[in-house]
Amino acid sequence: MNVLIENNIITEMECGSNFAYILNDNGAFLSTEYKVLQSQANSCFVKCMKMTFNGKLQMFYLTKGLKTFASMLPSMDPESFLTIIANLLADIISVNLNGFLSCKNIDIAFNHIFVDPATYKVSLVYLPLNKHIYEDNASFENELRTGLVKLIADMPMLSTPKTMQFSADLSNGTLSVEDLYARTKGGKNIEGGPINDKRSAMDGKNIGSGSLRIIAMNAPTRIEIAVTKDVFVIGKKAEICDGVIGFNKMISRSHCRINRIGSQYTITDLQSANGTYVNRIRLQPNQPHPIRNGDIIRLANSDFQVSMG
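Here we summarise the structure given alongside this text. Note that the structure is predicted; figures quoted are calculated from it, not measured. (Residues numbered from 1 in each chain as written. Predicted model: local features only at pLDDT ≥ 70, side-chain atom pairs only at ≥ 80, totals over all residues. Heavy atoms only, no water.)

1. Let's talk about helix α7 (residues 177-184)
Then step 1. Within α7, 6 of the 8 residues are buried, which leaves it mostly tucked inside the rest of the structure.
Then step 2. Along α7, the residues classified as buried are Val 177, Asp 179, Leu 180, Tyr 181, Ala 182 and Thr 184.
Then step 3. Contacts made by the buried residues of α7 are with α4 (78-98), α5 (137-154) and α6 (161-170). (Buried < 20%, exposed > 50% of the residue type's maximum accessible area, 1.4 Å probe, protein only. Helix = DSSP H or I, 4+ residues; strand = E, 2+ residues; numbered from the N terminus. Contact = heavy atoms within 4.5 Å.)

This is the structure we're talking about:
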């Protein structure tokens, strides 16, 4: 559920084939973001208008002629599903490149993602407020990834090799949104070139023989992170981490660091909120601890097995 509704910052109201959000605090409205929304040509957003309702500001969304993603799912085939998801990811990339708007204010609930049933063009609901639905872009992305993974798992009609592979890609924290978009388009990146996985291009080299990988043991699907640098930071915030784990909100933005010295490895907790463990022993922050093949690393409440070779 939208956290802004939970906190009584906004109230949703149906308006025939359209819908609206009523602002319970007019001071939350951001006129600058609203003007940016109104100025977008060929926008990836649902058209909206600022109105008043009983003295309160109202964001009125024009959704006539569109269908919600949720309503289309029961009759959707896997190829149509992946086409819509590709268009959704392209919209998110567009927002990230915008510079004036933020994914933190996008309502990503499946019943508020709107699709043109004729073209499969996706339109997003944006709330121009100084209160955010998501704490940061990583939280937004985690919600999207985990929601789609669960959706694919819960709908047998979507279970094809292609969609199951995409589900695995969604759970792979080393793949960016751009990488995921590329996977839906057959392995080409957004400019049309070959995909370049973050895990194999961190610093232009792979460790090769004797390399270390950590393999998730209780993630939604198989996740494997290859440690590709002598100093390798793991966490949920892509901008500051080499290995990104996006499926678990309890993992800190910058959670731990793995160091390679010759053929030896250590792991260091970076003052994470919920701790780093090796074989059930919680590490002291900023104190390196050796790790070996077969060790079990726990980050918050997610377990990973160390694999070397």
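After that view of the structure, there is still more to cover.
2. Some remarks on the pattern of salt bridges
Then step 1. Considering all chains together, one arrives at 12 salt bridges under this definition.
Then step 2. Between Asp 136 and Arg 253 there is a salt bridge, and its shortest N-O distance comes to 3.0 Å. Residue Asp 136 is located in the loop between β8 (122-126) and α5, and its partner Arg 253 is located in the loop between β12 (243-244) and β13 (256-261); the two are separated by 117 residues in the primary sequence.
Then step 3. Of the charged contacts, one joins Arg 260 and Asp 230 as a salt bridge, the two residues approaching to 2.6 Å between their closest N and O atoms. Here Arg 260, found in strand β13, pairs with Asp 230, found in the loop between β10 (224-227) and β11 (231-235); they are 30 residues apart in sequence, far enough to count as distant.
Then step 4. We classify Arg 260 as partly exposed; its relative accessible area is 22%.
Then step 5. With relative accessibility at 36%, the residue Asp 230 sits in the partly exposed group. (Salt bridge = Lys/Arg side-chain N within 4 Å of Asp/Glu carboxyl O.)

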